[in-house]
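Observations on the model geometry
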Amino acid sequence: TVEEARKIDVQKMNSITREKYEIRLIVWETRDVPLVDGDNVDIFVRVIFDPTGWSADEVEKKTDVHHSSTTGWGSFNWRFKFEIEVPCDFPRIKFAIHD
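A brief structural summary. Bear in mind the structure is a predicted one, so any value in this text is a computation, not a measurement.

Focus: the packing of aromatic side chains
Applying the stated criterion to the full structure yields 2 aromatic pairs. Seen in terms of ring centroids, F49 and F82 are 5.0 Å apart; in terms of plane orientation they differ by 40 degrees. Their pairing is tilted. Taken together, the residues span a long stretch of sequence, with F49 in strand β2 (residues 41–50) and F82 in strand β5 (residues 74–86) at a distance of 33 residues. Classification of F49 as buried rests on a relative accessible area of 1%. Exposure remark for F82: the relative accessible area of 3% places this residue in the buried category. Taking the centre distance of 6.3 Å and the plane angle of 15 degrees together, the rings of F80 and F82 count as stacked. Taken together, the ring pairs connect F49, F80 and F82 into an aromatic cluster. The ring of F82 has K61 sitting right over it, with the charged end atom 4.9 Å from the ring centre.

About the criteria used
- Residues numbered from 1 in each chain as written.
- Predicted model: local features only at pLDDT ≥ 70, side-chain atom pairs only at ≥ 80, totals over all residues.
- Heavy atoms only, no water.
- Phe/Tyr/Trp six-rings, centres within 6.5 Å; stacked < 30°, edge-to-face > 60°.
- Helix = DSSP H or I, 4+ residues; strand = E, 2+ residues; numbered from the N terminus.
- Buried < 20%, exposed > 50% of the residue type's maximum accessible area, 1.4 Å probe, protein only.
- Lys NZ or Arg CZ within 6 Å of the ring centre and 35° of its normal.

This is the structure in structure tokens:
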């Protein structure tokens, strides 16, 4: 009831503390990549991490190149590490495979 609520002392709300974390992504392999150079393709993976939703804060990283794949399969052992503070508004991760 309202009377019971009035008996409870008013308390100040604590602000949300931001905490730092690390996102780790591993690219092991790619499969079925189209052979755009005719009979082979040179494959690399690009990752764009946007921790805030503002393109000015984007971080871009790339793997090395898997040369002359004739099957569209690429072999990697590539680790990406990105820092993020939470809570955050609109984080995004984009993956792209390139020749």
